[in-house]
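# Residue-level structure breakdown
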Amino acid sequence: MLVAVRARPAVQIRERIKNLKMRINKYTIYGQAYLLPFIKITHDIILNGEYELIVGWLNIEISLSYKPQYLRDQRRKMNQNKEHEQIKTN
């Protein structure tokens, strides 16, 4: 029995990736070269405000970073309060 599978358009796939709220970045390290591959995990958000998994080798590293929803909401509220205070002072 054959089952027809409908392919999703690339636009829908991109939208779903954006909704994950996970960023993927590629960095080039200047002035250093790592001979062995490495993995770094940021398990505490105090360092830079996000959880991170970094995989690298030679002078290239790829970072997967995720910020929890409640932290994004806090940041949004802080920015709104700052804008509101600036409007009041002007």
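One structure accompanies this document, and this report is about it. (Residues numbered from 1 in each chain as written. Predicted model: local features only at pLDDT ≥ 70, side-chain atom pairs only at ≥ 80, totals over all residues. Heavy atoms only, no water.)

## Brief notes about the overall build of the protein chain
A count of helical and extended segments in the protein chain gives two helices and four strands. The helix and strand sequence of the protein chain, counted from the amino end, reads α-β-β-β-β-α. Considering only contacts in the protein chain between residues 6 or more positions apart, those separated by 24 or more positions represent 41%. For the protein chain, the accessible surface area stands at approximately 8500 Å², while carbon and sulfur atoms represent 59% of it. (Helix = DSSP H or I, 4+ residues; strand = E, 2+ residues; numbered from the N terminus. Contact = heavy atoms within 4.5 Å. Areas by Shrake-Rupley, 256 points an atom, 1.4 Å probe, with all protein chains shown as cover.)

## With respect to a nonpolar patch on the surface
A surface patch of nonpolar side chains, about 540 Å² in accessible area, is lined by Met-22, Ile-24, Tyr-51, Ile-60, Ile-62 and Tyr-66. Listed by contribution, the elements that provide at least two residues to the nonpolar patch are strand S1 (22-28) and strand S4 (60-66). The leading source of residues in the nonpolar patch is S4, at three residues. Summarising the element assignment, Ile-60 is placed in strand S4. (Patch = residues over 30% accessible without salt bridge, like charges linked within 9 Å, V, L, I, M, F, W, Y side chains within 5 Å. Salt bridge = Lys/Arg side-chain N within 4 Å of Asp/Glu carboxyl O.)

## Considering the side chain of Ser-65
Along the chain, Ser-65 turns up in strand S4. Here Glu-50 takes part through its side chain, which lies 3.3 Å from a polar atom of the side chain of Ser-65. With residues near it in sequence (within four places) discarded, Ser-65 still touches Lys-21, Met-22, Arg-23, Glu-50, Tyr-51 and Glu-52. (Polar contact = N/O pair within 3.5 Å; in protein donor to acceptor, adjacent residues only side chain to side chain.)

## A word on the environment of Ile-45
Residue position: Ile-45 is located in the loop between strand S2 (34-42) and strand S3 (51-58). With a relative accessible area of 17%, Ile-45 lands in the buried category. The spacing of Ile-45 and Tyr-66 is 21 residues in sequence and 9.7 Å in space, taken between C-alpha atoms. (Buried < 20%, exposed > 50% of the residue type's maximum accessible area, 1.4 Å probe, protein only.)

Fair warning: the whole summary comes from geometry, so function is off the table for now.
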